[in-house]
Each structure stands twice: as C-alpha cells, then as structure tokens.
Amino acid sequence: MSFWRWSGFFDYLTNPFILGGVATTIWLTCVALICGLVLGFFIALMRRSGMAAARGMAWFYIWLFRGTPLLVQPIVIYTALPQLGIRFSVVQAALIGLALNEAAYLSEIIRAGIEAVPEGQTRAARALGMTERQIMRYIVMPQAFKVIIPPLGNSVNGLLKTTSVTSVISMEELLRRTQVLIQEQFMVLELFAVAAIYYLLLTTLWDFIQRRIERRFGHSSSSVALTEKR
Amino acid sequence: MMIEITGVTKYYGQFEVLKNCTTHVDKGEVVVVCGPSGSGKSTLIKCVNALEPFQKGSIRVDGIEVSDPATDLPDLRSRVGMVFQNFELFPHLSIEANIMLAQRIVLGRTEDAARRQTIELLDRVGLADHATKFPAQLSGGQQQRVAIARALAMNPLAMLFDEPTSALDPEMISEVLDVMTGLAREGMTMMIVTHEMGFARSVATRMIFIDRGEIVEDRPTEDFFSHQQNPRTAAFLGKILHH
Ligand SMILES: Nc1ncnc2c1ncn2[C@@H]1O[C@H](COP(=O)(O)OP(=O)(O)OP(=O)(O)O)[C@@H](O)[C@H]1O
Ligand SMILES: [Mg+2]
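Because the structure is predicted, anything quoted here is derived from the model rather than measured.

**Some remarks on the sheet that holds strand β1 (residues 3-12) of chain B**
All names here are of chain B.
Part 1 of the argument: Judged by pairing direction, the sheet is antiparallel, and its four strands sit side by side in the order β2-β1-β4-β5 without closing on themselves. Of all the strands in the sheet, the pair left with one neighbour each is β2 (15-25) and β5 (64-65).
Part 2 of the argument: Bridging between β1 and strand β4 (residues 56-61) involves five bridges; their strand directions are antiparallel. Bridged to T6 within β4 is S58.

Here you go:
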C-alpha cells in the first residue's frame, strides 16, 4: 500500500456520501445558528431584566454551557437524558446540543451589542413615547447589529467546525462520514485531506459572505462612533 | 395649568437630589430653570415626563398624574416634547426618518401625513435641504434643530429643554436659540434648563433657581433679574453674568 493515492483522493473529493456529509454540516450550522440566535436574544434580555430571578437563570445557563466541554453536551442529551425518560433522535440531540451551546455564546455577544448603544438613545426614544418593545426594535437592535456582526461572524466560523462534535453521537455530518469511510477503506490521509478541504471551503465561503454583510451594514458606523464620543 | 409640580422629593439611594420642589408651568408660559452644576435641574425636568421616578410628591401634566402606576406613560410622553443636551438623534436613520419614526409608530400617522409634517418642520428650522442626510453629516447646531423638529412633529402640549445649547460651539448657539425664541413667540409652553441668561431674559415669563435640590427662587423674569431675594441666587447670577 502506497503512502498517498491521488486517485483515492480525487474519488473521495466527489464522493456523494462525503458530499452528503457536507450538506448535513451546512444545514446543522444554519439551524443551530438560527435557534441559537433566537434563544440567545431572549437570554440576553433576561440578563438585562429587572427581575433578579430572570437574571439569575440566564447567568446560570451561560455559566453551565460555557463551563462544560462542548463534547459532553450532546452525549448527555443523547445518552443520559433518556434515563430520565426524555428521548431524542440523533438529529434532535445534535441540533439541541449545538443550539443550546451556541445560544450561550451568542447571548453574550448580543448583550454586548445592546449595551454598546448609548443610554441617551433609549431615553430619547422613550421621551418620544415609544414603548420598550418599539425602542428595542427600531432604535437599539439596528445600532447593536453593527457591533454584533463581527463577533457573530466569528462565531459562525467556529460553529461550522463545531458541528463535528456531534459525530460522537453518530450524527452523519462531514467528520462522521469521513471516519466511517476510513474504517472501511483505510485511506486515512486522503480522507482527512478531503474533509479538511471541505471545512476550509466552507469557512472561506463564510468569510466572504461575512465581509459583504459587514460592508453592507457597517457603512454608517462612523455615526455610531460619533454619538458614543462625547 | 400645563405642568404642576407639588412637593416633589427624589432620592438617588441615600442622596436627596430634589427636596420638596413645588412649581408650575401654565399654558403658554416659558419657564427657565437655572442653577449650579449638580443642583438637580436635569433630574427635575426628567421627572416631568417620567424618565426618572420620584419618591414623594406629585407631578401633573395636563391634569394627568405622572407617578400614578395606571398612567399610560408612552402616551403621556408622546404629548410632551423633550430636547437633550447631546441631541440624541438616531444615528442609523436619516434626518427625515428621525422625524418620521415616532409619528408613524407612536401616533400611527400615515406615511404621507408624517412626511408632510416632517417637511414643514424641517423648513421651519431651516434644514429643508438636509432631509436625506444622516445625523453625522450635520453640525451640532443643525443636529439640535433637527432634534427640536423631531419633538415638535408630535404636536406636543409642552416642550422640555435640558441645556440645549451647552454642547454647541459658540457660533452655533444662536441658531438654536432663534428657533426656541420663535416657539416662545408662538405661545408654546416650555420648561427650559439653560445658562443663556440673555435668552432667558428675553423669552422667559418666570425664572426658577435651584440649588442643592431646592427651588430657592421662583419669580417673574424682570423681578428675578432686578433683585434677588436669596444671596445664593445673587452669587450664582454674579458668577454667570460676568463671564
Ligand atoms: N443616576 C444617578 N445616580 C446617582 N446620582 C445621580 C444620578 N444622576 C444624577 N445624580 C446626581 O444627582 C445630582 C443632580 O444631578 P443633575 O444631573 O440633575 O444635575 P444638574 O443640575 O442637571 O447638573 P448639570 O448642570 O451638571 O447638568 C448630582 O449631584 C448628580 O451627581
Ligand atoms: Mg444637567
């Protein structure tokens, strides 16, 4: 057996089984991101709530998910919770694990964005008669968005690769499918090279998209800086 | 009576910022509030539209008690215009959108009605050509005039100003004061915190002097400037007028 077989490498590069794994990685990332954003937004609001109980719960949530290894979270959801009578399919457990974890990180990013909007903006909006909900929607979030986008983009980049941890509960994403083929075919280097290329392709593509988003929404950021100056 | 402040006392923790303050602003009156830094001027004016809560006393705006938990605060605030020291235009919105937003989402005006009102007010503050610009593209004086137009767009019963010219370069102060003088001439009810004593003298119907949270002096403008009852007022005026 030779050290590196180009034919094998090129075969796997276009292998439908591998491409299916790439597709799974993409949709896992998208769904976990959307769920994480929605959940993260509410956790960020809870952390800023006037109610101590809500703040405490949000704090505990973030503490728990940021303080335990990511690898352990889907395992607990998939193998430990059924012992309490809560049963999830592999796909459900993988999504729940990723989304819950992502929410913990995103909530801190969103909170930082909200807190970067000067207090005076909220006061001015309130003085015009806007409700708290209207202030959040029309005044605070659009300005917070500019602050949120760069770290959010980094988080998405991380998430693309993080989806691979769900391979431990045999979620059939890119890494898992690579490992399955390795066990059958023993072409370790070629297969890992293919997986690495697809991960690089995805993160590079995302970087490109992120830069476009930043350019689109960041153009009047100088005006935000001006208000913050004082 | 448009604004009626009775025995208002407010604490920040242990610190008593406002001590048993009583005063009023009648319909069409222009009341100027002055006093040393940290005396509680901003706090008093923020209590009027419930941007700050207070612990004792009562404030009524057009007969409605501000501290009553049953009061619809957004509704009450939409009928009282407020202008801040730092303008507080919304930087992500164009000048036009700054003025239109609350008309649309708070008053529920149609796009057309809101735009008509906006154009009219921009014209009035002399900024008709700047409707599509963003706040960061305007000078401080222009931004403050937009902020005044934004407040006026709600057709308020009264206007509150908290040091509207203190953040401005000297050459821009008069363009803002001119707009405010125009409003006063038209009979707008106003409560104004300012150190511009020349302006105060020409437009105010009454002058209030606050020191350490207390209303020390509350008298008709001419009286106030010709003889002060309290030595603290005299000392303050002496300092501010000879600058
Ligand atoms: N959020 C707050 N928490 C605690 N103390 C405060 C707060 N806001 C203001 N103060 C204090 O209350 C006092 C009155 O403040 P206020 O802003 O009303 O003064 P001011 O008369 O408007 O002063 P200036 O001329 O500097 O604007 C000051 O001593 C200030 O330090
Ligand atoms: Mg002040």
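**Brief notes about the confidence of the model for chain B**
Part 1 of the argument: For chain B, the average pLDDT comes to 95, and 100% of its residues sit at 70 or higher.
Part 2 of the argument: Scored as a whole, the predicted complex attains pTM 0.88, and scored at its interfaces, ipTM 0.94.

**Remarks on helix α2 (residues 16-47) of chain A**
Part 1 of the argument: Taking 1.5 Å of rise per residue, the 32 residues of α2 of chain A would be expected to cover 46 Å, and the 45 Å separating its terminal C-alpha atoms lies within 8% of that figure.
Part 2 of the argument: You can read the cap of α2 of chain A off the contacts: a side-chain oxygen lies 2.6 Å from the backbone nitrogen of F17 of chain A, and it is on N15 of chain A.

**Overview of unusual backbone geometry**
Residues and elements named next belong to chain B.
Part 1 of the argument: Positive phi, close to 50°, is recorded for N20, a residue that is not glycine.
Part 2 of the argument: Inspection of the secondary structure puts N20 in strand β2.
Part 3 of the argument: With a relative accessible area of 55%, N20 lands in the exposed category.
Part 4 of the argument: A positive phi is found at F87, a non-glycine position, where the angle reads about 65°.
Part 5 of the argument: In this fold, F87 is placed in the loop between β6 (80-83) and α3 (95-105).
Part 6 of the argument: For F87, a relative accessible area of 11% corresponds to the buried category.

**Points about a nonpolar patch on the surface**
All names here are of chain A.
Part 1 of the argument: A grouping of L71, V72, I75, V76 and V168 is seen on the molecular surface, where their side chains present a nonpolar patch of about 350 Å² in accessible area.
Part 2 of the argument: Relative to the elements of secondary structure, I75 occurs in helix α4 (residues 72-80).
Part 3 of the argument: Here I75 falls in the partly exposed class, since its relative accessible area comes to 34%.

**A word on the site of ligand 1**
Residue and element names in this part refer to chain B.
Part 1 of the argument: As a structural note, the neighbourhood of ligand 1 is formed by Y12, F15, V17, P36, S37, G38, S39, G40, K41, S42, T43 and E163.
Part 2 of the argument: G38 is positioned with one of its backbone polar atoms (N or O) 2.8 Å from an oxygen atom of ligand 1.
Part 3 of the argument: Between ligand 1 and G40, the relevant distance is 2.9 Å, taken from an oxygen atom to a main-chain nitrogen or oxygen of the residue.
Part 4 of the argument: Here ligand 1 loses 59% of its free accessible area of 640 Å² to cover by the protein chains.
Part 5 of the argument: Residue contributions to the shell around ligand 1 peak at three residues, all from helix α1 (residues 41-48).
Part 6 of the argument: For the shell around ligand 1, the per-class residue count stands at four nonpolar, six polar and two charged.

**Quick look at the packing of aromatic side chains**
Between two aromatic rings, the relevant description is the distance of the centres plus the angle of the planes.
Part 1 of the argument: Counted under the stated rule, the structure contains eleven aromatic pairs over all chains.
Part 2 of the argument: A ring pair is formed by F60 of chain A and W63 of chain A, whose centres lie 5.6 Å apart and whose planes are at 40°; its orientation type is tilted. In this pair, F60 of chain A and W63 of chain A both sit in helix α3 (residues 52-67), three residues apart, roughly one turn of the helix.
Part 3 of the argument: Given the relative accessible area of 44%, F60 of chain A is considered partly exposed.
Part 4 of the argument: Look at F209 of chain B and F236 of chain B: their rings are 5.1 Å apart centre to centre, the planes differ by 45°, and that puts the pair in the tilted class.

**What to know about the pattern of salt bridges**
Part 1 of the argument: Under the defined criterion, the tally for this structure stands at 19 salt bridges over all chains.
Part 2 of the argument: The salt bridge involving R48 of chain A is made with E115 of chain A; its shortest N-O contact spans 3.3 Å. Residue R48 of chain A is found in the loop between α2 and α3, and its partner E115 of chain A is found in helix α5 (residues 90-116); the two are separated by 67 residues along the sequence.
Part 3 of the argument: The partly exposed category is assigned to R48 of chain A, whose relative accessible area is 42%.
Part 4 of the argument: Between E186 of chain B and R124 of chain B there is a salt bridge, and its shortest N-O distance comes to 2.8 Å.

**Some thoughts on the packing of helix α5 (residues 140-152) of chain B against helix α6 (residues 170-185) of chain B**
Residue and element names in this part refer to chain B.
Part 1 of the argument: For the pair α5 and α6, the least separation of the axes is 8 Å and the interaxial angle reads 20°. Between α5 and α6, the angle falls in the class roughly parallel. Relative to α6, α5 is oriented so that their crossing is right-handed. Contact with α5, carried on its side by G140, G141, Q142, Q144, R145, I148 and L152, involves M172, E175, V176, V179, M180 and L183 of α6 and no other residues of that element.
Part 2 of the argument: The class makeup of the residues in the contact of α5 with α6 is seven nonpolar, four polar and two charged.

**Focus on the nonpolar core**
Part 1 of the argument: One finds M130 of chain A together with I3, I5, I59, F90, L160 and M191 of chain B to be the most contacted residues of the largest nonpolar core, which totals 85 residues.
Part 2 of the argument: Per-element accounting of this core gives the leading share, eleven residues, to helix α7 (residues 132-162) of chain A.
Part 3 of the argument: Once residues lying within four places of it in the same chain are set aside, the contact partners of M130 of chain A are A125, I135 and I139 of chain A together with P74, F90, L101, A102, I105 and V106 of chain B.
Part 4 of the argument: Core analysis: the next-biggest nonpolar cluster, separate from the first, contains 47 residues, L168, F199, V216 and L237 of chain B among them.

Rules used throughout
Residues numbered from 1 in each chain as written. Chains lettered and ligands numbered in written order. Predicted model: local features only at pLDDT ≥ 70, side-chain atom pairs only at ≥ 80, totals over all residues. Heavy atoms only, no water. Pairing = 2+ DSSP bridges. Helix = DSSP H or I, 4+ residues; strand = E, 2+ residues; numbered from the N terminus. pLDDT = per-residue confidence, 0-100. Expected span 1.5 Å × (residues − 1). Polar contact = N/O pair within 3.5 Å; in protein donor to acceptor, adjacent residues only side chain to side chain. Buried < 20%, exposed > 50% of the residue type's maximum accessible area, 1.4 Å probe, protein only. Patch = residues over 30% accessible without salt bridge, like charges linked within 9 Å, V, L, I, M, F, W, Y side chains within 5 Å. Areas by Shrake-Rupley, 256 points an atom, 1.4 Å probe, with all protein chains shown as cover. Salt bridge = Lys/Arg side-chain N within 4 Å of Asp/Glu carboxyl O. Near = heavy atom within 4 Å. Nonpolar A, V, L, I, M, F, W, Y, C, P; charged D, E, K, R; others polar. Phe/Tyr/Trp six-rings, centres within 6.5 Å; stacked < 30°, edge-to-face > 60°. Axes fitted to C-alpha atoms, helices over the stretch in contact; angles between N-to-C directions. Parallel < 35°, antiparallel > 145°, perpendicular 65-115°, else oblique. Left-handed = near helix turned anticlockwise from the far one by under 90°. Contact = heavy atoms within 4.5 Å. Core = buried A, V, L, I, M, F, W, Y, C linked by side-chain atoms within 4.5 Å.

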